[in-house]
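Each chain is listed here by its residues.
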Amino acid sequence: MKARGAVLPVVGVLALIGLWWLATIVFSIEKFLVPSPADVVASFLELPGYLLGQSLVTLAETIEGFSLSIVVGIPLAMLIVRSPLLERTFYPILLAMNAVPKIAVAPILVVWFGFGQGPKVVLVVLVCVFPVVISTASGMKSTPHELVELLRSWDASRRQEFFKLRFRHALPQIFVGLKVAISLAVIGAVIAEFVGADAGLGFVIVQSGASADTSLAFAAMTLLAIMSIALFYGLAYLERKLVPWAEEHR
Amino acid sequence: MKARGAVLPVVGVLALIGLWWLATIVFSIEKFLVPSPADVVASFLELPGYLLGQSLVTLAETIEGFSLSIVVGIPLAMLIVRSPLLERTFYPILLAMNAVPKIAVAPILVVWFGFGQGPKVVLVVLVCVFPVVISTASGMKSTPHELVELLRSWDASRRQEFFKLRFRHALPQIFVGLKVAISLAVIGAVIAEFVGADAGLGFVIVQSGASADTSLAFAAMTLLAIMSIALFYGLAYLERKLVPWAEEHR
Amino acid sequence: GGSGGTPSAGRDKVGYLTSFGTFGRDAYAYVAQEKGFFTEAGLDVTITPGSGTVDVLKLVAGGRADVGTADFTATAITVAKEKLPVTAVAAVHQRSLAAIISLEGNGITRPADLAGKKIADQAGSTNQVMFPVYAKAAGLDPASVRFVPAAPPALPQLLASRQVDGIGQFVVGRPLIEAAARGKKAVVLPYGDLVPDLYGNVVVTSKDLAARNPALVRRFTAALLKGLGYAIEHPDELGAILKKYQPAQDAGVAAAEIGLMASYVRPAGFTGPLGQVAEARVGKIIGTLTDAGAIPAGALTPADVVSFGLVPRS
Amino acid sequence: MIVLDGVAQVFDGRAGPVQALAGIDFEVGENEFVAIIGRSGCGKSTLLRLIAGLLPPTRGRIFVGGEPVTRPRRDVSVMFQRPALLPWRSVLANVMLPIEIFGLERKSYRDRAHELLELVGLRGFEKRLPHELSGGMQQRVSLCRSLIHAPAVMLMDEPFSALDALTRTELSGELQRIQLEQPRTVVFVTHSIEEAVVLADRVAVLTPRPGRLRKTVDLALPRPRVPGRPDVDQAGRELRDLLTAPFGEEAT
Amino acid sequence: MIVLDGVAQVFDGRAGPVQALAGIDFEVGENEFVAIIGRSGCGKSTLLRLIAGLLPPTRGRIFVGGEPVTRPRRDVSVMFQRPALLPWRSVLANVMLPIEIFGLERKSYRDRAHELLELVGLRGFEKRLPHELSGGMQQRVSLCRSLIHAPAVMLMDEPFSALDALTRTELSGELQRIQLEQPRTVVFVTHSIEEAVVLADRVAVLTPRPGRLRKTVDLALPRPRVPGRPDVDQAGRELRDLLTAPFGEEAT
Ligand SMILES: Nc1ncnc2c1ncn2[C@@H]1O[C@H](COP(=O)(O)OP(=O)(O)OP(=O)(O)O)[C@@H](O)[C@H]1O
Ligand SMILES: Nc1ncnc2c1ncn2[C@@H]1O[C@H](COP(=O)(O)OP(=O)(O)OP(=O)(O)O)[C@@H](O)[C@H]1O
Ligand SMILES: Cc1ncc(C[n+]2csc(CCO)c2C)c(N)n1
Ligand SMILES: [Mg+2]
Ligand SMILES: [Mg+2]
């Protein structure tokens, strides 16, 4: 997983870019529909500082909202695992909240929370708390009965059962939830920026979309993809640090 | 989980509705912003047949796209688990695809696939294939080493290792992925309908949005939530049928 | 951010929403900011890009923004149907910018050619709502034209890729469409040619603010309209100013848009002050909308939707 | 110390109920070492789980130290039949787990943990993870974990089953020494008659499923006992004969 | 049938390498029954995994039936130290699993599966799930699974460790009977000297970690052997003495 490990992902991404480029040429796709990688790079190079600045805005919202989802989601999952009563009562509420398309909610959030970062962060939380909760809960529930019984035999408190056992056991599954959530978080921030924002990559996409500047929109989306992939691999790195015991030996 | 089991979820949802209603009254939230449950019900009762018809359109797109995601996602996950090489090459591509906000892609899909169901189903697949792949892959990777070794000792084929062992072992985690994906599928269908549709609940939302008929929009969103919850519990039911061996005894 | 860098001591804070994003057509607000018109009026204005008429109306009605810009027809319909507590205080466009845009070679050169064609537009847009009125004026059966709903960002692409024969647009969209269509000339059929009564965008505020602080509203409107006037007279400057605030915008397209917009802000023969709204015309529009079935009969009077007391007079 | 009064256990499974234990009346005195012997599946592990308060009995009552058992107690420690190690914890951290759970000061127990690991022959493996150990090594870690604190009652479920004869003898000798120095109440499930004879004050023999108390045998041999000593071997032979003899009316 | 030539195994763990086996040269003849005895952690299970082709040796070469072992073979069956049952499969379905994997006709093996389950005392438990069984019952299911087809080589890792003395004797008797009727090559890891003496043609004794071949003992006693028969018991005593004696130069 050292230098050699980085080669294949790069190959994959390069292959993707190559295919994209080829497609734009072979099918002679119009630039306004799908610009070629060269167009996109040119678009980026026109405003590199501006675009990076907007990326940082989106990144900040993403990370804030994502962190908040963890802070909210994991205790919620614990409550759900602890009490089937709470589970049956909370789940439908969570599901209902999750079911609503967030773009439809974004304007309401702006009315409530104003034009600042607030509504963006809230939307990110709304978008990504569900995968965090459901994967954490499922991971904690699947803790082997014999280990739960072991801790019970010492009359361990519920808190100890959670932190010394269930949480640790669930970590690999929690990370699956987080990996799903992080991409959603980025998208949530972008959606929030579609409404009532004057900064961020979402804003850039709206602006460029309405002005048919597809190259710029693709540049913004490429930055989003890069951000999302970087965050994903950041999580994967953290996972390797936190869950070093080989995955299969559970 | 019989009749009694249904009471709590209903209580939860009723509590949510009560809170919503209370909020509209206590904070005297304007109807054009957040209508009360009564307004929403009134809106629904004006056009019950029409709204149910639109729900069916969205439901069909959702189920088609969701099924397709399973058909595509699970074999993809198997490839990824089978070969670390493929994993490293494919993952970043998958991530990049997942990172792009789908609302930004939707217009391109309409241009390519026209105004029919096609682009909606494609968008649903794009939205929900990632959680399916990542949770399936993670579940299959976490198969206990001793069981993998057992099958290897019989010189089982890779296919047998997957279908008789890894897939079965991963089922609970696959279901977590599916449960996350199903909500995303509904939302994906709605987003697709935002862009180029003349039917479906997404279309209803856009149209009501254009005239600030917030009650109608909320009626549509409520139907979406109901649909989403029903699909979720459908999956949960299927899970109980397919994975009856008590969860903790793995 | 959209606000200027000057200190705000002693000036009244005003939050302003553009109608949609920060395109050339909405850039006059930045001109007013840049040229110091707001500061002169004792105002500290924050410009936020809006996301369409209905969102703007909700945010203004909900008190999140003090003033905004919205399409008048959509505003009238929304106020009539949903009783949003907003009111118009000035017109940005004396004639509606609504139009059907097509491309050369699509077989459309005049309104009558639209028969049997497929038009894409945002669901519920003014262009779609007013189309029957426009069609009647053009001697065309509205039912002979098929509208397909599509999201705004997809429209130019749908037109250029020939998925549809025409799209609902604002007349100022011509440069963009031609840029997207790469070389092909756009065919623009403005509704204003046949339905000259329709206003385009108007400045809106909440009924509450209009009642509470009419002087502030007047001051703001005057400063904004001063920016509008300056913008249509100096389109070349506008591009640079907009680019300064919104680097992602194309200065050339913005200048072209505002150039096209000039004759809608101040049409030939228009002698009134910038921003004028005439009560009689509003009454006529309401009548037209009622006839078109867009609003229920008797649901709206001109005073419900326009604060004529605040409208600029000569 | 431990009293079982008419205890029965029925499990409800998918394929119908299973009667694991039926009508067990039994007492274990303070600091008494009782070995439980019975055929595989007769309910020995179930009996320990009942005494530990991990399972409420279907019928009957259980008392430990005079109090009815309703939930696990900290002065009762269980060593399970399977090692049940936390896979992400090193050997040492697994042994120290009860200390953490009880909120005791770790430092003062760390030396004891090292001593115990040394005793069972796991010196040098402190930092390894469970999956790096052999089956018998895992069982020895589990044994150390159950010995790290000093509970009043110890319930041990085949603690030496995965060990070779030599290690087994060594460790049962150690257990005897510990029991002589610091006597505790021990209930010890085993399949080894030799082990039972060396360790136990009394041997309880269960019938096959459903488990009933078939007989208890008192072993009043002087300690320390070692296998090979004539009286110990003789007791072993007697016990074996008893087990091999056909059951009376209790047979299934 | 099985040839090990200079086989060594080193595991690389987080906390440094562990030498499990060192320089093993060893042969098992066709249809020979070899018991492996050695202290816990000496590398017995590792040895079986090497022969089974589940682990490539760090050093040395392994042949089965004259061919070098590079991967598992279907004519070699392994019974692991832990039951390794698929938790979602019923007892019967677990026993039938190898038949499914080999693509053999299920119907013709179902009777055999029932017979085997009956033989090990699990009649009536066919439809239960593994977690509803006791430890010893799980091990017996695993035993049935390893006997359902007739491989040329059987590698068995402490197959009776979780069983009571009686069941153990019964089953080792059964194993001996099967071996007399249909002889196979068997490598059988055990901690029970009695078992080794009853079953094996030859006993291989390994030294403690790193496991080396300390000695092999031929047992040319007439079959069927039963514990208690003087010559069998005598052989057992000799083997025990050998094991208890201090190691020579090989000691760790
Ligand atoms: N996967 C592994 N990683 C690291 N070390 C291992 C691994 N498997 C086994 N070992 C080490 O190899 C040695 C031999 O292990 P093995 O399981 O073969 O012993 P064994 O003789 O079967 O012992 P037991 O009788 O306790 O089952 C042990 O020291 C163990 O720690
Ligand atoms: N969770 C359970 N669900 C259903 N049946 C169970 C459960 N646990 C145990 N049993 C049944 O109870 C009986 C006794 O099981 P137990 O584990 O107590 O036996 P044991 O005496 O410890 O056997 P062994 O010596 O094999 O460990 C068995 O028939 C078993 O099938
Ligand atoms: C009534 C109405 N018309 C258009 C837009 C969106 N919009 C803003 S600029 C532009 C042209 C670029 O294609 C479009 C379509 C809207 N929000 N409301
Ligand atoms: Mg047991
Ligand atoms: Mg072993």
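Everything that follows concerns the structure shown earlier in this document.
Treat the numbers as computed from the prediction; the structure is a model and nothing was measured.

### Some remarks on the packing of helix H3 (residues 48-82) of chain B against helix H4 (residues 84-99) of chain B
All names here are of chain B. Two elements in contact, H3 and H4, have axes separated by 6 Å at closest approach and are oriented at 130°. By the angle between their axes, H3 is oblique relative to H4. Every residue of H4 that contacts H3 at Leu76, Leu79, Ile80 and Arg82 is listed here: Pro84, Leu86, Glu87, Tyr91 and Leu94.

### Description of the sheet that holds strand S1 (residues 12-17) of chain C
All names here are of chain C. What the five strands build is an open sheet, ordered S2-S1-S3-S10-S4; its pairing is mixed. Taken across any chain shown, the strands that pair with only one partner, and hence form the sheet edges, are strand S2 (43-48) and strand S4 (86-91). Pairwise comparison of adjacent strand axes, ignoring direction, gives a mean angle of 30° for this sheet.

### Overview of the nonpolar core
Membership of the largest hydrophobic core comes to 275 residues, with the highest contact counts inside it found for Tyr16, Leu114, Phe131, Leu158, Phe220, Val282 and Val306 of chain C. With residues up to four places along the chain from it excluded, the contact list for Tyr16 of chain C reads Tyr28, Ala29, Val45, Thr46, Ile47, Thr48, Val67, Gly68, Thr69, Phe220 and Leu224 of chain C. The next biggest cluster of nonpolar side chains, apart from the first, holds 47 residues, and it includes Ile37, Met96, Ala113 and Leu117 of chain E.

### What to know about the coordination of the magnesium ion (ligand 5)
All names here are of chain E. Protein coordination of the magnesium ion (ligand 5) is provided by Ser45 (OG) and Gln81 (OE1), with donor distances spanning 1.9 to 2.2 Å. Of the two residues, Ser45 is situated in helix H1 (residues 44-51) and Gln81 in the loop between strand S6 (76-79) and helix H2 (91-102); the sequence distance between them amounts to 36 residues. Overall, Ser45 belongs to the partly exposed group, its relative accessible area being 22%.

### Structural notes on the arrangement of the chains
Where the six pairs of chains in contact are concerned, the greatest contact count is recorded for chains A and B. There is a clear gap between chain C and chain D: no contact, and 50 Å between their nearest C-alpha atoms. These two, chain A and chain E, are apart from each other, with no contact and a minimum C-alpha gap of 9 Å.

### Comments concerning the packing of aromatic side chains
One pass over the structure, following the stated rule, counts 23 aromatic pairs over all chains. Summarising the aromatic geometry, the rings of Trp20 of chain B and Phe218 of chain B are spaced 6.0 Å apart at their centres and angled 45° between planes, so their arrangement reads as tilted. Taken together, the residues Trp20 of chain B in helix H1 (residues 3-26) and Phe218 of chain B in helix H10 (residues 214-242) connect sequence positions 198 residues apart. Classification of Phe218 of chain B as buried rests on a relative accessible area of 14%. Here Phe20 of chain C and Phe23 of chain C contribute two aromatic rings whose centre-to-centre distance is 6.4 Å and whose plane-to-plane angle is 10°, an arrangement assigned as stacked. Ring-pair connections join several aromatic residues into one group, and the members of that group are Tyr91 and Phe130 of chain A together with Phe232 and Tyr233 of chain B. In this structure, Arg95 of chain C is placed above the aromatic ring of Tyr264 of chain C, and the distance from its NZ or CZ to the ring centre is 5.5 Å. Sitting above the plane of the Tyr199 of chain C ring, Arg281 of chain C keeps its charged end 3.8 Å from the centroid.

The rules behind each value
All residue numbers refer to position in the chain's written sequence, counted from 1. Labels are handed out in written order, letters beginning with A for the chains and numbers beginning with 1 for the ligands. It should be noted that, the model being predicted, local features are given only for residues of pLDDT at least 70 and side-chain atom pairs only at 80 or more, the latter also being counted only at that level, while totals for whole chains, interfaces and linings use all residues. Only hydrogens and water are set aside; all other atoms, that is, all heavy atoms of the structure, feed into the side-chain values. Only C-alpha atoms enter the line fits that serve as axes; for helices the fit covers just the stretch in contact. Angles between N-to-C directions range over 0 to 180 degrees. In this text, helices come from DSSP runs of H or I with a minimum length of four residues, and strands from runs of E with a minimum of two, each type numbered from the N-terminal end. Between 65 and 115 degrees an angle is taken as roughly perpendicular, under 35 as roughly parallel, over 145 as roughly antiparallel, and anywhere else as oblique. The contact criterion used throughout is that any non-hydrogen atoms of two residues lie within 4.5 Å. Two strands are counted as paired when DSSP detects at least two bridges linking them. Buried residues of nine kinds, namely Ala, Val, Leu, Ile, Met, Phe, Trp, Tyr and Cys, make up a nonpolar core once their side-chain atoms join them within 4.5 Å. Any residue under 20% of the maximum accessible area for its type is buried, any over 50% is exposed, and the rest in between are partly exposed; the area is computed with a 1.4 Å probe on protein chains only. The donor definition counts N, O and S atoms within 2.8 Å of each metal and applies 3.2 Å to Na, K and Ca; water is not among these atoms, so some sites may look incomplete. Pairs were defined over the aromatic rings of Phe, Tyr and Trp, the Trp ring being its six-membered one, requiring ring centres within 6.5 Å. Orientation was assigned from the angle between planes: stacked under 30 degrees, edge-to-face over 60, tilted for the rest. Distance and angle both matter: a charge sits over a ring if NZ of Lys or CZ of Arg is within 6 Å of the ring centre and within 35 degrees of the ring normal.

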